[in-house]
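Examination of the molecular architecture
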Amino acid sequence: MESINGYGLFLQDGWLALGVIITLVGVLGLGFVGAPLIAWTIVGLALLFFFGAPVWLLAAFAVVMAIFLIKPIRAAVVSSGVMKILAPIMPKISETERLALEAGVVWAEGELFSGKPNFKKLMNEPYPELTKEEMDFMNGPVERLCAVLDDWEIWEKRDIPPEAWDVIKKEKFLGMIIPKEYGGLGFSALAHSEVIMKLASRSLPACITVMVPNSLGPAELLVHYGTDKQKKNLLPKLAIGEEIPCFALTEPTAGSDAGSITSSGTLFRGQDGKLYAKVNWNKRWITLAAISTTLGVAFRLRDPENLLGRGEDIGITCALIPAKTPGVVIGRRHDPLGVPFYNCPTQGKDVIIEIDEHVVGGVDGCGKGWGMLMECLAAGRGISLPAQSIGGSKMITRAISAYASVRKQFGVPIGKFEGVEEPIARIAGYNYLLEAMRRYTLGALDQGIKPAVVTAMVKYNSTEISRKSINDAMDIAGGSAISRGPRNLLAHLYIAMPIGITVEGANIMTRTLIIFGQGALRAHPYAYKEVKSIAEKDLKGFDAAFWGHIGHVIRNMSRAIVLSLTRGLFAPSPVSGSTAKYYRKLAWASASFAIMADIAMGSLGGSLKMREKITGRFADILSWMYIGTATLRRFEAEGRRKEDLPFVHFCLQHSLYEIQKAFDGLFANLDVPGLSWFFRGPLRWWSNLNALGGEHNDVHTHKIASLILEDTEQRLRHTDGIYMPKNNTEQLGYLEATFKVVKRAEAAEKKIRKAIKDKTIPKAKGLAAAESALAKNVITREDFEDLKIAEEMRYKAIQVDDFSQDEFLHHKSPGSVRLVHKNGAGSSTTPGANKVV
């Protein structure tokens, strides 16, 4: 049969290649822009026409496309069959998994998961600031609390001092999240985070003591889910520390799998007609339990008499139980790596509680505990441990930059050696991105958004990156870092680091199960809708989700191909200048991530959640896309400071490098039936040839190290928010004072080095060289005095603590150790045969 009107232009001599090219470009173009189905229909008919298709083929194509365009027909003819095929292989969602998935909301991660992130929108997300009231609290009560904390004494005496408890209670540190109407401070998420950050830079035991009651626990549960009576009765007492709370979730057989708790409660009706429960539990690793007066306890509630009319298994329930209740057992402690905060076991033996009074939310709260916990964690994970991590990171950055400037070897400050410069740059670069991630996430939380996947990413990456920073700092400080004592600023952070890695969802589990395991369903625009509609036998919902998913795949496949071939050239950027390329590369990464996620879900189905090495790599890509986005937002929010560009380049290059590593791992290990050879061969080869990015280069690490080793506003700004002692009798204060004196003397040192090189004065070191330079008028008397003071302070700043045998054996503090700063000088004494060192 002849084609319509004899057309067949693309089949004529010399036109076939052009026709094929136009077809490919048209298909990629339609996919790239996410064209609707009607546009595909029109273009398809046009291409068939120009290729000379017969009438019957044009008609058949039109009929098929009409079926897909008319939704009720499509659902009945096509989608119903697809639904039956997919039902057996779709992952089954348990009730606890469903509640976890539905906790919180989708935020920025949804944009990154989409394959086509709207960076203009992401760059306009609020960047929070403290109110005047909150700033006053930071400058007043928080400073006073830090001033009465002596971290070394706390570790030696294994408790925070009474005067610190007095400040904590009087100033309502335990009530930061409690609304003012109930006697609390009613702080924003940012203020809450700032308090934890500053305390973390001073003393981790005190930080944890304040942090935990303001995180997942009685106050948080009551604020959101308590009855009016429960709120009025307990919240004012929690705010002023009259009641000390804890929350007991973890058990010997229920750690990361918290939904499998065996603690149980049995419902019964008392002789007074009220509902009660007899509760038994065996919990461990519960912070503050030994000194708590109110225990939050999660247990599985049973109703054998069906008193609630909901069957026997009511579900996980949260109750707030007075510690004095008969059957409650507290008082013993664990020893978490020697870190002296209360971490404890607790048991309950036939503890009788009244449902209306003690179950969070009363009768209505029975069985809703798991959802409560997931909702609270959706926000809390983004505040407590990220704040603790950045508090440590900022203190490390301030301290190690000073130490590397003060400490000399071979006559040169150790920060000048490239081998030291590299870890200093990592510490400072990581510090920039940690603060960016913290502030960006808090902007969402302060809007009332609880993005569970984002906060899981932030908790995981903050603690992991902090671990890298403290390891680098320990390497730089060397022997002084491993010698514990009042002068050591790093050892306690190093010792305590695994605790943050472990709590609020162990990091291994968070990376492999939550970030992508939940993110693949939560953040994907269609996956959870498909699973849910199949489970509910909702054909209309499945039809919309499935065909939306097909369009999503086509669009992202096209975008991934085009952006890979052009290295992101066609992706829009909301800004111009040197950072524009990073938006384009992140868009490229997002498109590649989205299509690879769909390929993995399609090829592995429900078994994907057990392929944790694969899900972990997807989690890394999603995490580093988020970190890169947060870094760019910080740069914009802070006014595009030119001096910060080296930090931005470092962070974005590192983000793209981590994304590339994860993609390489996916290509090498993802099993795709019939196509594994393609991913492990040609695609992996192309990925290596056309990488998103490589590791940060030496130029940027040199710039970052040089900047953070200078006494500038930038160094102070990047480490703002930590506690700095008001005098120089403490090591951090003395080290900072020495740093400033040393920097002031550098100009004179430079004159001396030049004079030695020019042979104006003989080669010598230290004060001997300075005396020769003074005699030859190379330096002034003022220069000489600066150098003299600098050398004295250098020596004292690098001293470490030592102990008598009795002090060492009995864990006594070297009580007379102190640093005294007078007119730029200092002294320190130690017990026994003490001498000035």
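Please read all numbers here as calculations on a predicted model, not as lab measurements. Every chain is numbered on its own, with residues counted from 1 as its sequence reads. Local features are withheld for residues below a pLDDT of 70 in this predicted model, meaning they are given only at 70 or higher, and side-chain atom pairs are given and counted only at 80 or more; totals for whole chains, interfaces and linings count all residues. Hydrogen atoms and water are omitted, and side-chain values are computed over all heavy atoms in the structure.

**Quick look at the overall build of the chain**
From N to C terminus, the chain includes 35 helices and eleven strands. Looking at the chain as a whole, 56% of its 837 residues qualify as buried. Whether two residues touch is decided by their heavy atoms; if any such pair falls within 4.5 Å, the residues are in contact. Taking all contacts inside the chain whose residues are at least 6 apart in sequence as the whole, residues at least 24 apart take part in 76%. Residue-level accessible areas treat just the shown protein chains as cover; the underlying method is Shrake-Rupley with a 1.4 Å probe. Total accessible area on the chain stands at roughly 35,400 Å², and carbon and sulfur atoms take up 58% of it. Numbering of helices and strands runs from the N terminus, with a helix taken as a DSSP run of H or I at least four residues long and a strand as a DSSP run of E at least two residues long. Note on exposure labels: buried denotes an accessible area under 20% of the residue type's maximum, exposed denotes more than 50%, and partly exposed covers the range between, all computed with a 1.4 Å probe on protein chains only.

**Some words on the packing of aromatic side chains**
Aromatic pairing here means that ring centres of Phe, Tyr or Trp (its six-membered ring) are within 6.5 Å. Orientation follows from the plane angle: under 30 degrees is stacked, over 60 is edge-to-face, and everything else is tilted. Using the criterion set out here, one finds 20 aromatic pairs in the structure. Seen in terms of ring centroids, Tyr430 and Phe650 are 6.1 Å apart; in terms of plane orientation they differ by 65 degrees. Their pairing is edge-to-face. Of this pair, Tyr430 sits in helix α18 (residues 418–445) while Phe650 sits in helix α28 (residues 645–669); the two residues are 220 residues apart in sequence, bridging distant segments of the chain. Judged by its relative accessible area of 5%, Tyr430 falls in the buried class. For Phe650, a relative accessible area of 0% translates into the label buried. Of the aromatic side chains, those joined through ring pairs into one cluster are Phe113, Phe516, Phe593 and Phe618. Of note, Arg284 hangs over the ring of Trp285, and the distance from its end group to the ring centre comes to 4.2 Å. The ring of Phe739 is capped by Arg715, whose NZ or CZ atom sits 3.9 Å from the centre of that ring. Only Lys NZ and Arg CZ are tested; either one counts as a charge over a ring when it is within 6 Å of the ring centre and within 35 degrees of the ring normal.

**A look at the pairing of strand β4 (residues 294–302)**
Counting buried residues along β4, seven of its nine residues qualify, which places the element largely inside the surrounding structure. For two strands to be treated as a pair, DSSP must find at least two bridges joining them. Taken together, the four bridges between strand β1 (residues 245–248) and β4 define a ladder with parallel strand orientation. Following the sheet pairing, Cys246 is matched in β4 by Leu295. Of the strand pairs in this sheet, strand β2 (residues 264–269) and β4 are connected by three bridges, and their pairing is parallel. In the sheet register, Gly265 faces β4, and the bridge partner there is Leu301. Where β4 and strand β5 (residues 313–322) come together, nine bridges link them in antiparallel fashion. Among the inter-strand pairings, Ala298 is bridged to a residue of β5, identified as Cys318.

**Some thoughts on the confidence of the model for the chain**
Here the chain averages 89 in pLDDT, and 90% of its residues register 70 or above. For every residue, the predictor reports its confidence as pLDDT, a number between 0 and 100. In the predicted structure, residues 1–7 sits below a pLDDT of 50 and forms twelve contacts with residues beyond four places in sequence or in another chain. Between residues 816–837, whose pLDDT stays under 50, and residues either more than four places distant or in other chains, the model counts 57 contacts.

**Remarks on the pattern of salt bridges**
Any Lys or Arg side-chain nitrogen found within 4 Å of a carboxyl oxygen on Asp or Glu counts as a salt bridge. The full count for this structure, using the stated rule, is 47 salt bridges. Between Asp335 and Arg158 there is a salt bridge, with its nearest N and O atoms 3.4 Å apart. Taken as a pair, Asp335 in the loop between β6 (328–329) and β7 (343–354) and Arg158 in the loop between α9 (151–157) and α10 (162–170) lie far apart in primary sequence, 177 residues in all. Residue classification places Arg158 among the partly exposed positions, given a relative accessible area of 38%. In this structure, the salt-bridge partner of Arg439 is Glu435, at a minimum N-O distance of 3.7 Å. One end of the pair is Arg439 and the other is Glu435, both in helix α18 and four residues apart, which spans about a single turn. Here the two residues Arg439 and Glu435 agree in accessibility, since each one is buried.

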